[in-house]
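Here's the letter readout for the chains.
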Amino acid sequence: MVYLQETVTPLLAWYDGHARVLPWREHPSPYRVWVSEIMLQQTRVEAVKPYFERFIGELPSIRELAEAPEDRLLKLWEGLGYYNRVRNMQKAARILVEEYGGEMPADYDVILSLPGIGSYTAGAIASIAFGMSRPAVDGNVLRVLSRLEKNYEDILKQSVRRKFEQEVQEIIPEGRAGDFNQSLIELGALVCVPNGAPRCGECPLEKLCGAHAEGVELELPKKTPPAKRKIEDRTVLVLVSDNKAALRKRPAKGLLAGLYELPNLEGRLDREEVLAFVKEQGLSPIRIQELPAAKHIFSHIEWHMAGYAVKVEEPEPEQFAEHPGRREKDGIFFVEKRQMEETFLIPAAFSAYTRYFRERF
Ligand code: ADE
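Residues numbered from 1 in each chain as written. Predicted model: local features only at pLDDT ≥ 70, side-chain atom pairs only at ≥ 80, totals over all residues. Heavy atoms only, no water.

*Asks:* What is the right way to read the pattern of salt bridges from this model?
*Replies:* Close approach of charged atoms allows side chains of opposite charge to pair. Summed over the entire model, instances satisfying the criterion amount to 19 salt bridges. For Arg72, the salt bridge goes to Glu58, with nearest N and O atoms at 3.2 Å. You can see Arg72 sitting in helix 5 (residues 70–77) and its partner Glu58 sitting in helix 3 (residues 45–58), a full 14 residues away along the chain. Judged by its relative accessible area of 36%, Glu58 is partly exposed. Where salt bridges share partners, they join Asp16, Arg176 and Asp179 into one cluster. (Salt bridge = Lys/Arg side-chain N within 4 Å of Asp/Glu carboxyl O. Helix = DSSP H or I, 4+ residues; strand = E, 2+ residues; numbered from the N terminus. Buried < 20%, exposed > 50% of the residue type's maximum accessible area, 1.4 Å probe, protein only.)

Below, the structure written as structure tokens:
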């Protein structure tokens, strides 16, 4: 088996020559590292860059994050998905304001205790921003280590991750913890890549690598196949009245919690069923048109969607967003189409249909 200690010097030398220049690597304050690591959890580096710059530009400190209205926060995150990530960041920011003077403390256990921060993110913040000797083992690092050690254990298991964390912990070089963790991440992102052949010819660890020695790089890492996604039929409505369109707020818990959506119903409804629903909402339909079917894939569910555009007569005043008597729980409400894009975050699951707001019926 590879003696992991031997990887340290070649990895750091390689990192010094090959590390990408990335916005969060400049001035790596705890807040910047934190924001970038949360964004990078489900999103590619290139896609994260503009989001990171805008987020930090608009909310430059933990205190400003803590105080931002939720709708503004969600708009800043629009397109990154997994919105609970940013909601958890705000919860954590509020704790930091209330209990730690608005700063991330240099205390690993406190960092790890914050909402939305697991051992990977805590390790990244501790090592990159504070120089503490803590491992930061993400999917990139799990892949690199599985191959290096020719280890066939399931990397989705907590116990396997913990074992790798332990191993990294033991070799983190004094004074270069952040660079060392990032060198493993960077090697996984640039050389020991997923989906396709790793670039072993460019790898500083080629001679140390157990998988490469036996030509089994592509068999690793091992992951249990994820459970099959559940398929749900839904019918989505583009409900419009002149320059206004209908939205609804989703329940506070569950899929796309608390986000705005186009009104939609379970199952595949025909025209008559849709018109009956529209009338039940106290609206008077003028015209209905079928829209193309669409699909959206979440991590555990797939929505197979039918769509209808329904033009309705001017709704009652209390069905407008700004009406003082309107309560969120009352369901469907109408907003100016222009205001909708500026103010309301509508998740990507509906993007096949939101574009019809721009069309006339
Ligand atoms: N992916 C996750 N964390 C990263 C980092 N700090 N740099 C580059 N890619 C990353």
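*Asks:* Before we go on, may I ask you to explain the packing of helix 2 (residues 30–40) against helix 8 (residues 119–130) in this structure?
*Replies:* Helix-helix packing is described using two parameters, namely the angle between the two axes and the distance between the axes. At their nearest, the axes of helix 2 and helix 8 sit 9 Å apart, and the two run at 145° to each other. In terms of crossing hand, the pair formed by helix 2 and helix 8 is right-handed. Residues Pro30, Val33, Trp34, Glu37 and Ile38 of helix 2 form the contact with helix 8, whose participating residues are Tyr120, Thr121, Ala124, Ile125, Ile128, Ala129 and Phe130. Each residue belonging to the contact of helix 2 with helix 8 can be placed in one class, and the counts come to ten nonpolar, one polar and one charged. (Axes fitted to C-alpha atoms, helices over the stretch in contact; angles between N-to-C directions. Left-handed = near helix turned anticlockwise from the far one by under 90°. Contact = heavy atoms within 4.5 Å. Nonpolar A, V, L, I, M, F, W, Y, C, P; charged D, E, K, R; others polar.)

*Asks:* I keep staring at the layout of surface pockets and nothing clicks. Help me out?
*Replies:* The computed volume of the second largest pocket comes to approximately 250 Å³. Around the second largest pocket, the lining is made up of 16 residues, and of these Glu341, Ile346, Thr354, Phe357 and Arg358 lie nearest the centre. For the lining of the second largest pocket, the secondary structure elements donating two or more residues are helix 14 (337–343) and helix 15 (351–354). Of all the elements, helix 14 adds the most residues to the lining of the second largest pocket, at four residues. Among the residues making up the lining of the second largest pocket, the classes are represented as seven nonpolar, three polar and six charged. (1 Å grid on protein atoms, 1.4 Å probe; cavity = no way out; pocket = protein on both sides within 12 Å on 5 of 7 lines; lining within 4 Å. Points joined across faces, edges and corners; volume = space filled by probe spheres on them.)

*Asks:* Sorry, what's going on with empty space enclosed by the protein here?
*Replies:* Rolled over the atoms, a probe sized like a water molecule indicates the empty space that remains. Counted by the stated rule, this structure contains three cavities of 30 Å³ or more. Within this model, the largest cavity holds a volume of roughly 120 Å³. The wall of the largest cavity is formed by 14 residues, among which Arg147, Cys192, Cys200, Cys203 and Cys209 lie closest to the centre. Looking at which element gives the most residues to the lining of the largest cavity, the answer is helix 9 (residues 139–148), with three residues. In the lining of the largest cavity, the residues fall into ten nonpolar, one polar and three charged.

*Asks:* So what exactly am I meant to see when it comes to the nonpolar core here?
*Replies:* The nonpolar side chains of a soluble globular protein tend to be buried with one another. Counting 101 residues, the largest nonpolar core has Trp34 and Phe55 as the members making the most contacts within it. Residues in contact with Trp34, not counting those within four places in the same chain, are Ile62, Leu65, Met89, Ala92, Ala93, Leu96, Met104, Ile117, Thr121 and Ile125. In this structure, Leu269, Val274, Ile288 and Val310 belong to the second largest nonpolar core, which totals 16 residues. (Core = buried A, V, L, I, M, F, W, Y, C linked by side-chain atoms within 4.5 Å.)

Interpretation note: all reported values are geometric properties and have no functional meaning in isolation.
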